[in-house]
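Descriptive analysis of the structure
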Amino acid sequence: MKALVWHGKEDIRCDTVSDPEIEDARDAIIKVTSCAICGSDLHLFHNFIPAMEPGDIMGHEMMGEVVEVGSGINGALKKGDRIVVPFTILCGECDQCKRGNFSVCERSNRNKDMADKVFGHATAGLFGYTHLTGGYPGGQAEYLRVPFADKTHIKVPDSLTDEQALFLGDIFPTGWQAAVNCDIQPTDTVAIWGCGPVGQMAIRSAVLLGAKQVVAIDCIPERLSMAEAGGAITINFETESVVERLNDLTTGKGPEKCIDAVGLESHVSMGQPDTLLDRAKQMVMLESDRPHVLREMIYVCRPAGIISIPGVYGGLIDKIPFGAAMNKGLTFRMGQTHVNRWTDDLLKRIQEGQIDPSFVITHSVSLEQGPEMYKTFRDKHDGCIKVVLKP
Ligand SMILES: NC(=O)c1ccc[n+]([C@@H]2O[C@H](COP(=O)([O-])OP(=O)(O)OC[C@H]3O[C@@H](n4cnc5c(N)ncnc54)[C@H](O)[C@@H]3O)[C@@H](O)[C@H]2O)c1
Ligand SMILES: [Zn+2]
Ligand SMILES: [Zn+2]
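Small disclaimer: the values here were computed from a predicted structure and weren't measured. (Residues numbered from 1 in each chain as written. Chains lettered and ligands numbered in written order. Predicted model: local features only at pLDDT ≥ 70, side-chain atom pairs only at ≥ 80, totals over all residues. Heavy atoms only, no water.)

1. Points about the pattern of salt bridges
Formally: A pairing counts as a salt bridge when a side-chain nitrogen of Lys or Arg comes within 4 Å of a carboxyl oxygen of Asp or Glu. Burial status follows relative accessibility: with a 1.4 Å probe on protein chains alone, a residue under 20% of its type maximum counts as buried, one over 50% as exposed, and anything between as partly exposed.
For the structure on display, the rule yields 25 salt bridges. A salt bridge links lysine 9 to glutamate 10; the nearest nitrogen and oxygen atoms lie 4.0 Å apart. Relative accessible area serves as the criterion here: at 53%, lysine 9 is assigned to the exposed category. One salt bridge in this structure joins aspartate 379 and arginine 378, with 2.5 Å as the shortest N-O distance. Since its relative accessible area comes to 33%, aspartate 379 is described here as partly exposed. One continuous salt-bridge network, built from bridges that share partners, spans Lys9, Glu10, Arg378 and Asp379.

2. Remarks on the site of ligand 1
This is how the line gets drawn: Near residues are defined by distance, with any heavy atom within 4 Å of the molecule or strand qualifying the residue. For the purposes of these results, a polar contact is taken to be a pair of N or O atoms within 3.5 Å, where, inside protein, one atom must be able to donate a hydrogen and its partner to accept one; residues adjacent in sequence count only when each atom of the pair is a side-chain atom. Using the Shrake-Rupley algorithm and a 1.4 Å probe, accessible areas are obtained, with residue cover drawn only from the displayed protein chains. Think of it this way: any DSSP run of H or I at least four residues long counts as a helix, any run of E at least two long counts as a strand, and we number them from the N terminus. Each residue is assigned to one of three groups, with Ala, Val, Leu, Ile, Met, Phe, Trp, Tyr, Cys and Pro labelled nonpolar, Asp, Glu, Lys and Arg labelled charged, and all others, Gly among them, labelled polar.
Neighbouring ligand 1 are 33 residues, the closest being Ser40, His43, Asp218, Arg223 and Pro310. In the model, an oxygen atom of ligand 1 is placed 2.6 Å from a nitrogen or oxygen of the serine 40 side chain. A distance of 3.5 Å separates a nitrogen atom of ligand 1 from a polar atom in the backbone of isoleucine 217. Relative to its free-state accessible area of 870 Å², ligand 1 is covered by the protein chains to the extent of 97%. Going through the elements one at a time, helix H1 (39-45), helix H6 (197-208), strand E12 (213-218) and helix H10 (292-300) are the ones with two or more residues in the shell around ligand 1. Top element by residues in the shell around ligand 1 is H1. It accounts for 4 residues. Tallied by class, the residues present in the shell around ligand 1 amount to 15 nonpolar, 14 polar and 4 charged.

3. Quick look at unusual backbone geometry
Residue glutamate 10 is not a glycine yet carries a positive backbone phi of 55°. Along the chain, the position of glutamate 10 falls in the loop between strand E1 (2-8) and strand E2 (11-16).

4. Re helix H12 (residues 343-351)
Selection rule: Think of it as the arc spanned by the lines of direction from the helix axis to the C-beta atoms. Contacts are residue-level and defined by heavy atoms, with any inter-residue pair within 4.5 Å sufficient.
By the burial criterion, the buried members of H12 are Thr343, Leu346, Leu347, Arg349 and Ile350. End-on view of H12: buried residues confined to an arc of 160°, all on one side of the axis. Of the surrounding elements, those touching the buried residues of H12 are strand E10 (154-155), helix H4 (162-165), helix H5 (171-180) and H6. Where H12 ends, the next residue or the one after it, glycine 353, has phi of about 80°, a positive value.

Dropping the structure here:
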């Protein structure tokens, strides 16, 4: 089959590889009908997350048709079913899964020993996302093996198109969880850094959850326009001061709730000297991530506020104003998304027409065009906000 394969930093190719096979009784194989490139894939593209190996198949946002099931699926799925595959692989039976904490499932990470050493305790297996999270082949491919498939799936009603359903596997619940983690009150200002696909979903989620005011920050004009269309007031951090604008919009008190939808690859710019220092430290391996957004959020957030972090961080960060965070009594919430925790609610909202997540798609192309689309998405060329690939 054809698949997008990681060969090293900024080197992803569309290769011919062997088809996946059933390896365990709880496996299923799907024929992928749609998959997407996620901001998290860019961190792998740039080799910022450890434990990728040449030959790894990329992709963790995908859906398709079930073509084969293992003997232990017990009727949970059958050939011909149309499913979205959540990026977090869940066993459905461990202590964490029982609590709905699916992104820290205790059984699905087959490289648990390595992850225990790096993180203290292992997290769940993820598709196409390094050997630290199991080294499972991803879904930017014609076929995908889904482990624990009796639990690791979202059935899609026929009434929804692929484009409407696909993002239930990652960016929609990610933006939603980020907003839910803010405990949004009707009097709240929610400030959201990053108007990429995750930021866009977080904006609409914060609006749906009833925030008084949603403010979105980025520097890419078409992403800011899309944010505005979703109901946000926007700040272009290249032309105005984020801290001053946010204070102006909140009678000098700062936003109660702050969401980091940027993560470890904050833009490096002359106007933000700390980003230059982070970049320099990254080059000599003194720091792994660029946490400018975290610093800005801690500084501007209203005392007793909440900092919600869906943006991915990989390792070690410097110069975090922890004294400010502690003394202001801020609450931090973060994590990879517990995708299936939110499925029923979000599927219903799509079916009721409260939201159609396909609004974010700007490019729909073949799998073969994947390698060049990684660059287009990374560089924000051609108005690119979200890429869907059709294997
Ligand atoms: N927690 C999860 O489960 C989960 C799931 C999906 C994605 N993510 C993460 O969410 C983050 C965003 O993903 P995406 O798909 O939207 O990616 P993206 O790269 O398209 O979006 C990031 C946006 O941040 C903007 N940005 C950069 N520096 C900024 C700054 N200083 N202030 C404001 N905006 C800034 C960029 O211009 C870009 O529009 C990534 O870190 C990704 O790994 C996490
Ligand atoms: Zn993702
Ligand atoms: Zn589990």
